[in-house]
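Geometric and topological summary
As a plain string of letters, each chain reads:
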Amino acid sequence: GIEYLNLRRSDWPENWPETCKGKKQSPINIDDSEVKINKNLRDIKFVNYDKVLNNPVLVNNGHSVKLDIEDDSNVPKIQDGGLKAEYKFQQLHFHWGSENTTGSEHTLNNKIYPMEMHLVHYNSKYEKDEAHNYEDGLAVLAVFIKIDANDNNAFSAFSQNLKFVYGNDSYDISSSDLTLQALLPKDSLYYRYQGSLTTPPCNETVIWTVFANPVTIGIEQIKEFRNESLDDLVNNFRPIQNLNDRTVEKSYN
Ligand code: 1SD
Ligand code: ZN
């Protein structure tokens, strides 16, 4: 499995002095005037994204709040959209800031969003906990989240239950009938690049898909993420990394 789960964020630099210094690190700023449109990047096919998740559990792992599920025959999957394999959904988690001007990991034309959601998927030919060691192991979907006066019902499953995971706790949220589809932007336009985990051990084994259009979260809902009992998690974003030799591609539709 992945060893970093129980380490506090403040301990990362000492524990991983070398592994996070590669040339294909994440997150990055995406400059829309520099991206290359790729006509082979058509719509991603979302399988079972409309199905209610199987045994979703909210977990405070010390560096984010994540949602784990149990695999079953209805596990959500992604394919196509330039992906050369089928990737199964593993977990989703959030990065967010203490103020509206900070929080997202990726930036778009240098714009920072107050929050970013990562839907982590693993190549179904690998074991779930091994996939991050292979070049084609992980596909993460990144969704920018902006603030709206109105609540977004899709995020209630998180905002209403955060109070049960203060401290390093887990909480079963099966009763919220959550689907992944409800969390995605309506517009399918996306950016694609080759990068890394944004947390140690920073493996450069992630095919990143960053949706161009944000979804919304209610101002009252994001306040729950900024609760003082989650002080250790707030501002859990990694700074922008250099693009180096990489090209960011944009989907065509
Ligand atoms: O921060 C997450 C980490 O919790 C873990 O999910 C890892 C994948 O196993 O991915 C990173 S991230 O790159 O998705 N931020
Ligand atoms: Zn993340």
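Residues numbered from 1 in each chain as written. Chains lettered and ligands numbered in written order. Predicted model: local features only at pLDDT ≥ 70, side-chain atom pairs only at ≥ 80, totals over all residues. Heavy atoms only, no water.

1. Let's talk about the pairing of strand E9 (residues 115-123)
Counting buried positions along E9 yields nine of nine residues, so the element is predominantly enclosed. Examined bridge by bridge, E9 and strand E10 (residues 138-148) share eight bridges and lie antiparallel to one another. If you follow His121 over to E10, its bridge partner there is Ala139. (Buried < 20%, exposed > 50% of the residue type's maximum accessible area, 1.4 Å probe, protein only. Helix = DSSP H or I, 4+ residues; strand = E, 2+ residues; numbered from the N terminus. Pairing = 2+ DSSP bridges.)

2. Describing the coordination of the zinc ion (ligand 2)
Coordination of the zinc ion (ligand 2) by the protein involves His93 (NE2), His95 (NE2) and His118 (ND1), with metal-donor separations of 2.0 Å. Because the angles between the four donor atoms bound to the zinc ion (ligand 2) fall within 97 to 118°, the donor set is best described as tetrahedral. Spacing between the donor residues of the zinc ion (ligand 2) along their common chain follows H-x1-H-x22-H. Pair check on accessibility: His93 and His95 agree, each one buried. (Donors = N, O, S within 2.8 Å, 3.2 Å for Na, K, Ca; no water. Tetrahedral: all angles 85-135°; square planar, octahedral: opposite > 155°, others 65-115°.)

3. A few points about the nonpolar core
Side chains of nonpolar character tend, in soluble globular proteins, to be buried together. Formed by 44 residues in total, the largest nonpolar core has its most connected members in Leu92, Phe94, Met117, Leu119, Phe155, Phe158 and Leu183. Counting only elements with at least two residues in this core, the list comes to strand E5 (65-68), strand E7 (83-96), E9, E10, helix H2 (156-159), strand E13 (206-211), strand E14 (215-218) and helix H3 (219-225). Considering each element in turn, this core owes the most residues, six residues, to E7. Leu108, Tyr122, Tyr191 and Trp208 belong to the second-largest nonpolar core, a separate cluster that totals 21 residues. (Core = buried A, V, L, I, M, F, W, Y, C linked by side-chain atoms within 4.5 Å.)

4. Considerations on the confidence of the model for the chain
Of all residues in the chain, 93% attain a pLDDT of 70 or more, and the chain-wide mean is 93. Long-range and interchain partners of residues 1-7, a stretch whose pLDDT sits below 50, account for 14 contacts in this model, where long-range means more than four residues apart. Complex prediction metrics read pTM 0.95 and ipTM 0.95. (pLDDT = per-residue confidence, 0-100. Contact = heavy atoms within 4.5 Å.)

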